[in-house]
Each structure stands twice: as C-alpha cells, then as structure tokens.
Amino acid sequence: MMIRLRKIYAGLFLLTSLAANAQTYSLKQAVDYAIAHQVQVKNSQIDLQNASAKISEIKAMGLPQVNGSLALTNNIVLQRAFIPAKIFNPAAADGELIAAKFGVDNSGFASVGLSQLVFDGTYLLGLKASSVYKDLAVKSVTQSKQQVAENVTKAYYGILVNEKRQGLLALNVARLDTLLKETRELNKQGFVEKIDVQRLDVQANNLRTELENIERLQALSYSLLKFQMGFPMEEPIRLSESLEKVELATFNTNAAGDFNYANRIEYSILQTQENLAELDLKSIKAGYLPRLVLNANYGYNAGANAFSDLITKQWFDNAAVTVALQIPIFDGFSKKYKAVQSANNLQKVRQSYSLLKSSIDLQRSQASITMKNALESMKEQKANLDLANEISRVTRVKYQQGVGSNLEVLNAESSIKESQANYFTALYNALVAKVELEKANGTLYID
C-alpha cells in the first residue's frame, strides 16, 4: 500500500511540475507560434524563396555570358581528302583522284567567348512575369497563414469550451455526491428506501464516467491544438484566455455592410493570376520581334605532328566579333496557336471574377445567418440551462423536506446534464460561426 501511495504521490508531483513548466499562450500567441512553426507555412515560404531565386535566374539571362574552352586533339588516323591527280601530276589521267592527307597529327585550341543579349522581347516580358510570380508566391504565403490561423483558432476555442464543460461536470459530480451522502444517511434512518440510494449511485457513476470521457477528450483537444500549432507533442502547454474574454453577443453579424473583395486572399490571388495570363499572352506575341545578340571570341590554336611540339612551338591567336539579328519568318503558325490558347486562358481567368464574387457573397451571407442562428440558439440553451438548474434546486429542497420524490431529483439532474450538453454544443457552434464569419469577411488574420 505504501509503495502504491508513493507512486501516486510521485505521479502527482510530476504532473504538478509539468503544469508549472508548461508554456502559456493566448490565442494571438498561439496563432503567431503556428505561423512561425507550422510546416504548411514554412513550405509556402520556401516557395517564395524559390520565386525570388527564379527572378534572379531570369535576370542572369540578360547578363554577359562568358565561357572558356581548351581542347587538345590527337588525330590517330587523319581523314583523307580526294582531289584530282592532275593538280600534282599534269600527266595523270583525267578523272584520276589522289587520297591526300590534310592536317596534322596533333592540334590544340583555347578560347574565351562572350555572349550578350542585346534585345529580346520575350526576355523583357519574362522578367516582368517573374516579378508577378513572386507576388503570387507572397499571397500564397498569406493564404497559408490564414488557413493555419483558422485551424488554430477553432482548436483553441474547442479547448476553452471543453474546459468550461469539464468544470460544470465536476460541480455536478460534487453536488450529486453530496446528495448521495445525504440520501444514504436518510436510508439508515429509515426515511428513504434503498432503491433511492441505488438510483442516485447509478446517476453519480454515470456522471463520473462522463467527466472522465471529457477529461480524455480535453487531452485529445490539446493534442489537436499542438498539431495545428506545430508545437512539440511531448511538451505541456497551457492557455491564458477564457471563454469570458470572447465577445460573441456584440459581434457584428451584418453581411450587408461595406466590403472590399480584395480583402479576401482568393480574390487578390485571382488578380495576380490575371496579370500572369496577360504577360504570358504578350510574351508569345513578342516572339514575332527580332532578337539581337552580340558575340565576341578570342582564342589561340596550334598544330604539330609531335605532341610535344604543341608545348614548345608557337600558338597563333584569333579573334572575332559577331552581331547576329535573328528574324522569325515562319514557324508553322506555332506562336499563333499558342497565342490563341493563352488568350483563352486569360478569358477564363477574367470570367472567374463574377463566379468568385458570387461565391464570396454567398459565403458572407451564409456565415452571417449561421452566426445569428448560433447566437440565438446559444441564448435559448443558456436560458434552458438556468431553468434546469433552478428546477434541480427546487426539487432537491422538496426532496430534503420530504415532499418530493427521488425520481424527480434524478429527472432534474438528467435535465441539467442534457441542458449543459446542448448549451456547450451551441456555444462551440457560435464560436466556429464567429471564425467562419471573420474568414468570409477577410478579417480572420491580417498579415
């Protein structure tokens, strides 16, 4: 028995230590932590870094390109060229050919070349498109942050609701235990029957089981919050806020007020996609423009029958500068049909505006109505809970005075439990509706 008690005390001491060392977070702090640690946000930030690198990559195409080369060649078998024999022997027959060797057994070549893009319409537009692409990546990061903020907020509210429900259930258990103790004393004195004690005992056991279930559910809720935050699962965490700090009754549920569609990240992303589609079409059309390229080359070459002579004998330099104007004349209508596809894609993006606006309007309307209904339902369930508590109080008084029955007390306790469950369900629905309405209005998280 002593060993068991020591284990219990040790476990309690460990739990107390963990609770004392647990980090405490407000809702804003939890969201900020998730923004900094959630993998979903980190991946979108990596995409943003890739977009920045892509811009630099495209810029590099317009900078001078310098390349060097060095080649040493050993012609193991020289290729022969066929020439008329009369060039060397006038007496040779007509049509007679000589297979002559031209070249040396060993040759060397070294050069440095520079290439500079002077004008290319597609390059200039590609540079603009890369900047717009980076803007799209920035907005994708914001969208990821908003999704993370939504998930963390809902998980945070779930813990607050369970915590409140857990506290009330504990009070229910304590109240029923007190009533059970009093009923047992009355049974010993012969004022109530044993079945009255048994009924209360069953009710108390059911409540304890429900309280244990809520406690386990609360542990799961904390795990869900840690997951949404990107918080280490093995470390303890505490919340600094309570439901009393959450303003629901004064929350604005009017969906007909001033609203800017650009507040919604989906609309802003669509605007950026339109810019990309426009630049893509311009880039294809720019493919019809000439392309001007400057090339410069300077090098040395040498030749010798002995490989060692390549090192000892003189190398001769050479240099050239070339300005090339590449004029597209006919490509089999390839760019024409690419332009048709790009124009169609641009039209699809522009047509999506009306659909997105209608979708946003519907979401705001639904969220507003859901919020109003949730607040009304929560108000009604709170009134029912207060009424159930009053009925239970009166029933217990009547029972203690001997003018009420044990069944009335049990029914009253069951009504309290049912009213509490309905109230907390309505409360959580109202909190979720609040999050959905803020999301629909684009005010849930502002970067």
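Right above here is the structure, for reference.
Conventions used here
- Residues numbered from 1 in each chain as written.
- Predicted model: local features only at pLDDT ≥ 70, side-chain atom pairs only at ≥ 80, totals over all residues.
- Heavy atoms only, no water.
- Helix = DSSP H or I, 4+ residues; strand = E, 2+ residues; numbered from the N terminus.
- Expected span 1.5 Å × (residues − 1).
- Buried < 20%, exposed > 50% of the residue type's maximum accessible area, 1.4 Å probe, protein only.
- Contact = heavy atoms within 4.5 Å.
- Pairing = 2+ DSSP bridges.
- Axes fitted to C-alpha atoms, helices over the stretch in contact; angles between N-to-C directions.
- Phe/Tyr/Trp six-rings, centres within 6.5 Å; stacked < 30°, edge-to-face > 60°.
- Lys NZ or Arg CZ within 6 Å of the ring centre and 35° of its normal.

Moving on, we come to helix α6 (residues 265-286). Over its 22 residues, α6 extends 31 Å from the first C-alpha to the last, a length consistent with the 32 Å expected when each residue adds 1.5 Å. Of the residues making up α6, those classed as buried are Ile 265, Tyr 267, Ser 268, Ile 269, Leu 270, Thr 272, Glu 274, Ala 277, Leu 279, Leu 281, Ile 284 and Ala 286. For α6, the secondary structure elements touched by its buried residues are α4 (121-188) and α8 (334-400).

Right, let's get into the sheet that holds strand β5 (residues 106-119). The antiparallel open sheet is built from four strands, whose spatial order is β2-β5-β7-β8. If you trace the sheet from one side to the other, it starts and ends with β2 (65-74) and β8 (316-326), each paired once. Each strand axis lies, on average, 15° off the axis of its neighbour in the sheet, ignoring direction. In this sheet, β8 lies alongside strand β7 (residues 291-304) in antiparallel orientation, the contact comprising 11 bridges. Across the sheet, residue Leu 294 finds its bridge partner in β8, namely Val 323.

This model, assessed by the stated rule, comprises nine aromatic pairs. The interplanar angle of 65° and the centroid separation of 5.4 Å between the aromatic rings of Tyr 267 and Tyr 353 together place this pair among those described as edge-to-face. Separated by 86 residues along the polypeptide, Tyr 267 in helix α6 and Tyr 353 in helix α8 bring together distant segments of the chain. Each member of the pair Tyr 267 and Tyr 353 is classed as buried. Ring centres of Tyr 298 and Tyr 300 lie 5.6 Å apart, and the angle between their planes is 85°; on these two criteria the pair is classed as edge-to-face. A residue is classified by how much of its surface remains accessible, and Tyr 300, at 36% relative accessible area, is partly exposed. Through successive ring pairs, a cluster of aromatic residues spans Phe 259, Tyr 261, Tyr 267 and Tyr 353. One residue, Lys 357, lies across the ring of Tyr 261, its end atom 5.5 Å from the ring centre. Geometry around Phe 259 places Arg 364 over its ring, the cationic atom sitting 4.1 Å from the centre.

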